[in-house]
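Commentary on secondary and tertiary structure
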Amino acid sequence: MKKTILLTALVLNGLTLFAQSNDEKNIKLFYKKALTEAKCYSWLEYLSNDIGSRLSGSKGAVEAVEYTKRQLESLGLDKVYLQEVMVPHWVRGEKETAYILDGKVKTTVPICALGGSVATPKTGLTAEIIEVQGIKELNELGADKVKGKIVFYNRPMNPENIETFTSYGACVDQRYAGAKEAAKLGAVGTIVRSMNLRLDDFPHTGAQSYGDLPKEQYIPTAAISTNGAELLSKSLKVNPALKFYFKQSCETLPDALSYNVVGELTGTVTPQNIMVVGGHLDSWDLADGSHDDGAGVVQSMEVIRILKNLNYKPKNTIRVVLFMNEENGGKGGAKYEEISKQNKENHIFALESDSGGFSPRGFSIEADDVNLKKIQGYKDLFEPYLVHSFTIGHAGSDISHLTSQAIVKAGLKPDSQRYFDYHHAANDKFDAINKRELELGAATMTTLMYLLDQNGITLPAAN
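Residues numbered from 1 in each chain as written. Predicted model: local features only at pLDDT ≥ 70, side-chain atom pairs only at ≥ 80, totals over all residues. Heavy atoms only, no water.

The next thing to look at is the packing of helix α11 (residues 290–309) against helix α16 (residues 435–455). Closest axis-to-axis distance for the α11/α16 pair is 8 Å, and the angle between their directions is 55°. Classified by the angle their axes make, α11 and α16 are oblique. Where α11 crosses over α16, the handedness of that crossing is right-handed. Here A295, V298, Q299, S300, E302, V303, I306 and L307 of α11 come into contact with α16, specifically with E437, L438, G441, A442, M445, T446 and M449. (Axes fitted to C-alpha atoms, helices over the stretch in contact; angles between N-to-C directions. Helix = DSSP H or I, 4+ residues; strand = E, 2+ residues; numbered from the N terminus. Parallel < 35°, antiparallel > 145°, perpendicular 65-115°, else oblique. Left-handed = near helix turned anticlockwise from the far one by under 90°. Contact = heavy atoms within 4.5 Å.)

This is how it looks when you write it as structure tokens:
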């Protein structure tokens, strides 16, 4: 009887020991390496604290290219190289000032120029202000009510959405195209409520465009903090005739030479098939850009470091790409695709991290039904690490340029609840990063790269 019990225990122990698949063992190792030996946090500390902001054309952008190239070279990859790309060079100038002018009472509010904006006159701009909830309402008012005024776009991000990027997408048009549309109606400037779900005193910058307007019609545009927007809106309800003053000194310089940074492990079975993992190396100029997108840069570097450190021999070529100029032009992603086409490269998968360094929850996927179901089939492998969301959605701005005939794209999907507290603002600094969350994101990305390298993607059936 005792022998039977002992044998049963050994068999059960054996089943417990050997039932774990190779994939499960490797994934566990990826997370162990990320949580105990990762370099991503120290890489990000240097990018953020020693280099700082990295807006395209800036000294910080130059230093970031040099630093990340050195770090990739130190990993012993098969190739590390730079891709030349010409990028916009916009500079903010001296710190902006603004105040609400109600009779003789001046109330200062925090603003920051939007990327690509022109400056106000040197002495600043003062005008009556008109509040709208968006471009549609602006156009309904017409030129008679808008001409000669500053337009104040005050549509907030909707707090009801659990997915905060949905809220962002629903109101970011007023930031990007608000100045252009207001200028068409004769406005002299625009002020835009910051893309932020909480009430605070940080104005959030971001890209804006004058489209095809002639330069003589360009008007200055700035973001106002959410607290500032609330105060301005309440003040207008009391006195619709009050005025607003703001001064900014930004300008656009000639395009500058910059680079994408690329490193790769050559595939051992189908090296002609390329799998990309990346983030964007540039950031806005108000802070270090630790979440946007220093986190994505170092997580992507960590993916290839983990694989190299484990002496993993990929079937396909795995390439880390640190794109330049995502924030105000997208030139790096476009240049990468241009060079890819020239070289007749075939990309089968691209993974981007550009949603902050928070705890990973899953992936936003661009794929046909067959490949979506294939990735969703890996769900059980991710669930022990609290990664569970595999849904159709936008994968990333830089990899959106890739147009290989058969390609699957994915974006790391961290918990998004706090992302817009920091996005494009002066508080997007290294102290906002949690080391463990950053490392978990890198391990999660490594896992998906590994699974798709091992199992490939399903090609569409020939007609």
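Read across the sheet, 8 strands follow the order β1-β10-β12-β11-β13-β16-β14-β15 without closing on themselves; strand pairing throughout is mixed. Taken across any chain shown, the strands that pair with only one partner, and hence form the sheet edges, are β1 (79–91) and β15 (389–392). With strand direction ignored, the average angle separating the axes of adjacent strands in the sheet is 20°. Looking at chain direction, β1 and strand β10 (residues 251–265) are connected through 12 bridges and run antiparallel. Within the sheet, the bridge partner assigned to E84 lies in β10 and is Y259. Of the strands in this sheet, β1, β10, β11 (270–280), β12 (316–323) and β13 (346–352) touch helix α12 (residues 331–342), which is tilted by about 140° from β1. (Pairing = 2+ DSSP bridges.)

With that out of the way, let us pick up the packing of aromatic side chains. Scanning the entire structure with this criterion turns up 18 aromatic pairs. Each ring, one from W90 and one from W284, has its centre 6.3 Å from the other, and the planes form 85°; the classification is edge-to-face. Of the two residues, W90 is situated in strand β1 and W284 in the loop between β11 and α11; the sequence distance between them amounts to 194 residues. Taken individually, W90 and W284 each receive the classification buried, so the pair is uniform in this respect. (Phe/Tyr/Trp six-rings, centres within 6.5 Å; stacked < 30°, edge-to-face > 60°. Buried < 20%, exposed > 50% of the residue type's maximum accessible area, 1.4 Å probe, protein only.)

The residue after D292, namely D293, is reached through a cis peptide bond having omega 0°. On the secondary structure map, D293 appears in helix α11. In this structure, N325 takes a positive phi of about 75° despite not being glycine. With respect to the helices, strands and loops of the structure, N325 is situated in the loop between β12 and α12. Residues other than glycine seldom take positive phi values, yet H424 does so here, at roughly 65°. Checked against the element boundaries, H424 lands in the loop between α15 (419–422) and α16.

Further remarks concern the pattern of salt bridges. Evaluated as defined, the whole model comprises 20 salt bridges. Note that E94 and K247 form a salt bridge whose closest N and O atoms lie 2.9 Å from each other. Taken together, the residues span a long stretch of sequence, with E94 in the loop between β1 and β2 (97–102) and K247 in strand β9 (residues 243–247) at a distance of 153 residues. By relative accessible area, K247 is classed as buried at 18%. Between E181 and K184 there is a salt bridge, with the nearest N and O atoms lying 3.4 Å from each other. A residue pair is termed a helical-turn pair when its members lie 3 or 4 positions apart in one helix, as E181 and K184 do in helix α9 (residues 178–184) at 3 residues. Overall, the relative accessible area of 14% leaves E181 in the buried class. Residues joined by salt bridges that share partners form a network here, namely K79, E264, R319 and E345. (Salt bridge = Lys/Arg side-chain N within 4 Å of Asp/Glu carboxyl O.)

Residues with a pLDDT of 70 or more make up 95% of the protein, whose mean pLDDT is 94. Here residues 1–18 is a poorly scored stretch, pLDDT under 50, and it has 1 contact once near neighbours within four places are set aside; other chains count. (pLDDT = per-residue confidence, 0-100.)

With that settled, the discussion passes to the UniProt feature "domain: Peptidase M28" (unreviewed entry) in the protein. Per the UniProt annotation, the sites labelled "domain: Peptidase M28" (unreviewed entry) are residues 260–445. For the annotated span residues 260–445, helix accounts for 32% and strand for 27% of the residues, and the straight-line distance between the end C-alpha atoms is 20 Å. (UniProt positions renumbered as here; feature names shortened; annotations may be inferred.)

Nonpolar side chains tend to gather and get buried jointly when the protein is soluble and globular. Within the largest apolar cluster, 66 residues are counted, with the highest numbers of intra-cluster contacts made by L72, F349, L351, F363, F382 and L448. The element best represented in this core is α16, accounting for 9 residues. Sequence-distant contacts of F363, that is, excluding residues within four places in its chain, are made with L351, F382, S389, F390, T391, A410, G411, L412, K413, T444 and L448. Formed by 30 residues, the second largest nonpolar core is a distinct cluster that contains C171, A182, V192 and A223. (Core = buried A, V, L, I, M, F, W, Y, C linked by side-chain atoms within 4.5 Å.)

With respect to the helices and strands, the residue V62 is situated in helix α4 (residues 59–74). You can call V62 partly exposed: its relative accessible area is 43%. Along the backbone, V62 and D282 are 220 residues apart, and their C-alpha atoms lie at a distance of 9.7 Å.

On to the pairing of β10, then. Where β10 lies against β12, 5 bridges are found, and the strand directions are antiparallel. Within β12, the residue paired with E264 across the bridge is R319.

This part covers the side chain of E96. Counting through the fold element by element, E96 comes out in the loop between β1 and β2. The class of E96 is buried, set by a relative accessible area of 7%. Within the local environment of E96, its side chain forms a polar contact with the side chain of R92, the two groups lying 2.7 Å apart. Engagement of the side chain of E96 in a polar contact is seen with the backbone nitrogen of A113, the distance being 2.8 Å. Filtering out sequence-adjacent residues up to four positions away, E96 remains in contact with I111, C112, A113, K247 and Q248. (Polar contact = N/O pair within 3.5 Å; in protein donor to acceptor, adjacent residues only side chain to side chain.)

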